[in-house]
Amino acid sequence: MRHGETYLNKYNRMQGWSDTPLTPRGRRDVMRSGAGLADVVFDAVYCSDLRRTFETAQIILRENQHAEDLSVKAMPEFREIFFGSFEGLDSSETWGNLNKFLGNEDGLPSYAENRSVIDELNGLKKMDPYHEAEDYMTFWLRVERGLIKLIAEHRDSERNILIVSHGMTIRNMIHAVIPDFSIEQHLDNASVSIVRYEDGFYHLDQYNGTDHFVDDFTPANEQEPEIHLVTPADRVEGKIK
């Protein structure tokens, strides 16, 4: 699951290791996602060590009907990529400048020209005046360490594992186990992607799923209470009990 919307998401800012809390909409969407998954039995829950994923995971567990004995394990390996001195800057402007830096004069992405995410992240590090942004190998080796830990512990166990992480991190994790997965596909906040391990292979059963969200009956500009169990059973003729 990708974390819920944060303030830097809302303001279209670069957000890697920078960590802002979930917006009211972000918390509501996570509640809606969690309510739609309320009957799913999770055997373990992991997240990155950044606030936005931990907050998301906690809300999911509050909405779940089978989470009495579950706790969230935070793993720094599952952080988003670090954008160095570009953290907090305007996302559209930064990616546009990167594409120009990589030779695309109009500043638009060039996936049609088969430019890889690897080239983009390596270019971002070169473009960073401090060269502290993570290049692809630094980022991926970190994430891979966490993924190997989980695979070693849970593969062939028939367990149902929830990992709450970040857009770039999730896409690269899926690509690692399913090589033909198209890594540039977008992920919505609080969306669910399902990877199944069976007969020695990984299968992508769902990507960027949001159809399970329950309806949002919160009036515009009104913040839903931070702790509230919103399940389909709470609905009475289009209202919350």
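Above this text you will find the structure in question.
(A) Structural detail: the nonpolar core. In terms of nonpolar packing, the biggest core is built from 29 residues, with Phe78, Phe83, Leu121, Leu124, Phe139, Val143 and Ile174 touching the most fellow members. Where this core is concerned, the elements lending two or more residues are strand 1 (44-47), helix 5 (117-127), helix 6 (136-154) and helix 7 (167-177). Examining the composition of this core, we find that 6 residues originate from one element, helix 6, more than from any other. Not counting chain neighbours up to four residues away, the residues in contact with Phe139 comprise Arg79, Glu80, Ile81, Leu121, Glu134, Met168, Thr169 and Asn172.

(B) The sheet that holds strand 3 (residues 161-164), seen in detail. Pairing is parallel in the open sheet, where 3 strands are placed in the order 2-1-3. Two strands bound the open sheet, and with one partner strand each, they are strand 2 (72-74) and strand 3. Neighbour to neighbour, the strand axes of the sheet diverge by 25° on average, direction disregarded. Looking at chain direction, strand 1 and strand 3 are connected through 4 bridges and run parallel. Bridge assignment links Cys47 to a residue of strand 3, and that residue is Val164. Helix 6 contacts strand 1 and strand 3 of the sheet and is inclined by roughly 175° relative to strand 1.

The rules we used
- Residues numbered from 1 in each chain as written.
- Predicted model: local features only at pLDDT ≥ 70, side-chain atom pairs only at ≥ 80, totals over all residues.
- Heavy atoms only, no water.
- Core = buried A, V, L, I, M, F, W, Y, C linked by side-chain atoms within 4.5 Å.
- Buried < 20%, exposed > 50% of the residue type's maximum accessible area, 1.4 Å probe, protein only.
- Helix = DSSP H or I, 4+ residues; strand = E, 2+ residues; numbered from the N terminus.
- Contact = heavy atoms within 4.5 Å.
- Pairing = 2+ DSSP bridges.
- Axes fitted to C-alpha atoms, helices over the stretch in contact; angles between N-to-C directions.

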